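# Structure at a glance
Each chain, written out:
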Amino acid sequence: MNSDNDSGVTVTLGEDYPEIREGVRRICADFPGEYWRDIDRREAYPTEFVKAMSDAGYLASLIPEEFGGAGLPMRAAGVILQECHANGCYAAACHAQMYTMGTLLRHGSPEQKAKYLPKIASGELRLQAFGVTEPTTGTDTTRLKTRAVRDGEHYVVTGQKVWISRAAHSDLMLLLARTTPFDDQDPSRKKTDGLSVFLVDMREARGNGMEIRPLSAMINHNATEIFFDGLRVPRENLIGTEGKGFRCILDGMNAERILVSHESIGDAQWFIRTASKYATERIVFDRPIGQNQGVQFPIARAYAEMQGADMMLRKAAALFEAGRPCGEDANVAKLLASEAAWHAAEACMQTHGGFGYAREYDVERRWRESRIQQIAPISTNLVLAYIGEHVLGMPRSY
Ligand SMILES: Cc1cc2nc3c(=O)[nH]c(=O)nc-3n(C[C@H](O)[C@H](O)[C@H](O)COP(=O)(O)OP(=O)(O)OC[C@H]3O[C@@H](n4cnc5c(N)ncnc54)[C@H](O)[C@@H]3O)c2cc1C
């Protein structure tokens, strides 16, 4: 549970980072609903939007200045993503760079950082793919089967990943693979030992032992399956120590939770604004439908939930920035924000009646998109399992 050490950590209220918010809103104004509807229909990648965000430097917000980024705090990066979603855009197309970059920054060698971070910061290279999930092991990451076997100055990778977002539109991928098979591990070692992280250059790998196949899904997340059949990854692309890769991605997970939760808050804001407007303007039985408590109260309740989640999220971001333990706060914020967004989405859909189904209103698309936050990058049950075990001290449930 949180300790007294949290005193002295400051949480800002209101519209913090107003200049960033204004700048992101200006970009979003150039990418209205028609743009996203078209991208969604074609299952395409929003290249123009990602370029605009890169050119403005927003995707490099967390990269330190010495590597060409803005070196901003976690909360500022979250505000960027939140504003995208609050203004009808879909930052999930490019958000991964913000947290995958952290693994390289914290665990990469000086040579790796010098080689890649400035190009990621400038937008010359995209690090948008993060390869963890596998078809047969799912949430049980320690059991993943993709193998990386040392062969001289290379590792030879064989295996399969699933649901890897943006892989076809990324130059680089962080890949988690087993350098020691789970069953060959010394029983005294941790289950997470034997996993290693690699930076895969997708441009060289495609067609040379790595194949990417698109996965058609309920939302346009540019999801893919990736097949590895003897892909040779140079040894110099191992990040951190061989066999200790889980630790390298673990400390990025709180950052990931905090960042994606900002998108949920942005989603909730969009749904609440859109629903309130429609409920006020739509006349049925000679009065605005929002005059009925059955229509008004779910929207008001969603607003209250969103405000609560937002406070929790600000706290998590502040603790992260102060370098304090924030696992509890990041997980609680993730749970509350993802549910607040979904309740707002439901209220918005219901308020629109049949028009909620009309594509031109964007409600159905954004309703589909907001649901993902309860499943990926981590499902609600696993967040609850974290709270049950690590916060409340109950037995591990898995
Ligand atoms: C659109 C999309 C994009 C994604 N992008 C990426 C990506 O870029 N990179 C990547 O690596 N992965 C990605 N994922 C994968 C995502 O992280 C996983 O889908 C998610 O972690 C759940 O894993 P699973 O689908 O294998 O579910 P499973 O592990 O099969 O679980 C199914 C259900 O059972 C529940 N469950 C399982 N075990 C337990 C337990 N012990 N206790 C309680 N409940 C349990 C889960 O909570 C879940 O609800 C993406 C998924 C989607 C849908």
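Residues numbered from 1 in each chain as written. Predicted model: local features only at pLDDT ≥ 70, side-chain atom pairs only at ≥ 80, totals over all residues.

Of the regular secondary structure elements, the protein chain holds twelve helices and ten strands. A compact globule built from 398 residues would reach a C-alpha radius of gyration of about 21 Å, and the protein chain, at 21 Å, matches this within 12%. If one aligns the C-alpha atoms of the protein chain with their principal axes, the spans along those axes are about 80 × 50 × 40 Å. For the protein chain, buried positions account for 45% of its 398 residues. Long-range contacts, defined as pairs at least 24 residues apart, comprise 74% of the intrachain contacts of the protein chain with a sequence gap of at least 6. (Helix = DSSP H or I, 4+ residues; strand = E, 2+ residues; numbered from the N terminus. Rg over C-alpha atoms; globule rule 2.2 N^0.38 Å. Buried ≥ 20, exposed ≤ 12 C-beta atoms within 10 Å, placed from the backbone. Contact = placed C-beta atoms within 7 Å.)

Before going further, it helps to examine the site of the ligand. Lining the immediate environment of the ligand, one finds 23 residues, of which Val-132, Gly-138, Thr-139, Ser-379 and Tyr-398 sit closest. Sorting the residues of the shell around the ligand by element identifies strand 1 (129–131), strand 3 (154–165) and helix 12 (380–391) as the ones contributing at least two each. Taken together, the residues that form the shell around the ligand break down as 14 nonpolar, nine polar and no charged. Domain assignment of the residues forming the shell around the ligand places at least three in each of domain 2 (127–245) and domain 3 (247–391). (Near = placed C-beta within 6 Å. Nonpolar A, V, L, I, M, F, W, Y, C, P; charged D, E, K, R; others polar. Domains from an automatic or database assignment.)

Right, let's talk about the packing of helix 8 (residues 245–281) against helix 9 (residues 293–321) for a bit. Helix 9 packs onto helix 8 with a crossing angle of 155 degrees between their chain directions and a minimal axis gap of 9 Å. Judged by the angle between their axes, helix 8 and helix 9 are roughly antiparallel. For the crossing formed where helix 8 meets helix 9, the hand is left-handed. Of the residues in helix 9, those in contact with Asn-254, Ala-255, Ile-258, Ser-261, His-262, Ile-265, Ala-268, Gln-269, Ile-272, Ala-275, Ser-276 and Ala-279 of helix 8 are Val-295, Gln-296, Ile-299, Ala-302, Tyr-303, Met-306, Ala-309, Asp-310, Leu-313, Ala-316, Ala-317 and Phe-320. The residue makeup of the contact of helix 8 with helix 9, split by class, is 17 nonpolar, six polar and one charged. (Axes fitted to C-alpha atoms, helices over the stretch in contact; angles between N-to-C directions. Parallel < 35°, antiparallel > 145°, perpendicular 65-115°, else oblique. Left-handed = near helix turned anticlockwise from the far one by under 90°.)

This part covers helix 10 (residues 327–351). Structural remark: α-helix, 3.6 residues per turn; residues separated by three or four positions point the same way. Taking 1.5 Å as the rise per residue, helix 10 with 25 residues should run 36 Å; its terminal C-alpha atoms sit 36 Å apart, in good agreement. Most of helix 10 is tucked away: 19 of the 25 residues are buried. Gly-353 occupies a position one or two residues after helix 10 and carries a positive phi of about 55 degrees. (Expected span 1.5 Å × (residues − 1).)

Once that is clear, we can look at helix 6 (residues 110–122). Taking 1.5 Å per residue, 13 residues should reach 18 Å; helix 6 reaches 18 Å between its end C-alpha atoms and fits that length. Within the span of helix 6, buried status applies to Lys-113, Tyr-116, Leu-117, Ile-120 and Ala-121. Packing partners of the buried residues in helix 6 comprise helix 5 (96–107). Looking one or two residues past helix 6, Gly-123 carries a phi angle of roughly 90 degrees, positive in sign.

Moving on, we get to unusual backbone geometry. Put simply, Ala-376 and Pro-377 share a cis peptide bond, and its omega is 0 degrees. Of note in the backbone geometry, Arg-166 takes a positive phi value of approximately 60 degrees without being a glycine. Arg-166 sits in the buried class, given 24 other C-beta atoms within 10 Å.

For the rest of this paragraph, the subject is the domain arrangement of the protein chain. Domains assigned within the protein chain are domain 1 (3–122), domain 2 (127–245) and domain 3 (247–391). Look at where the C-alpha atoms of domain 2 and domain 3 centre, and you get two points 31 Å apart. Across the contact, nine residues belong to domain 2 and eight residues belong to domain 3. Considered class by class, the residues forming the side of domain 2 that touches domain 3 number five nonpolar, three polar and one charged.

To continue, consider the nonpolar core. Of all hydrophobic cores here, the largest spans 117 residues; its most connected members are Phe-198, Ile-258, Ala-316, Ala-333 and Ala-344. The element best represented in this core is helix 8, accounting for 14 residues. In this structure Ile-258 touches Met-74, Gly-78, Leu-313, Ala-316, Ala-317, Phe-320, Ala-330 and Ala-333, once residues within four positions along its chain are discounted. (Core = buried A, V, L, I, M, F, W, Y, C linked by C-beta atoms within 7 Å.)

The next thing to look at is the pairing of strand 5 (residues 195–201). Within strand 5, six of the seven residues are buried, leaving the element largely enclosed by the surrounding structure. Direction of pairing for strand 4 (residues 172–178) relative to strand 5: antiparallel, over a ladder of seven bridges. The residue of strand 5 that forms the bridge with Leu-176 is Val-197. (Pairing = 2+ DSSP bridges.)

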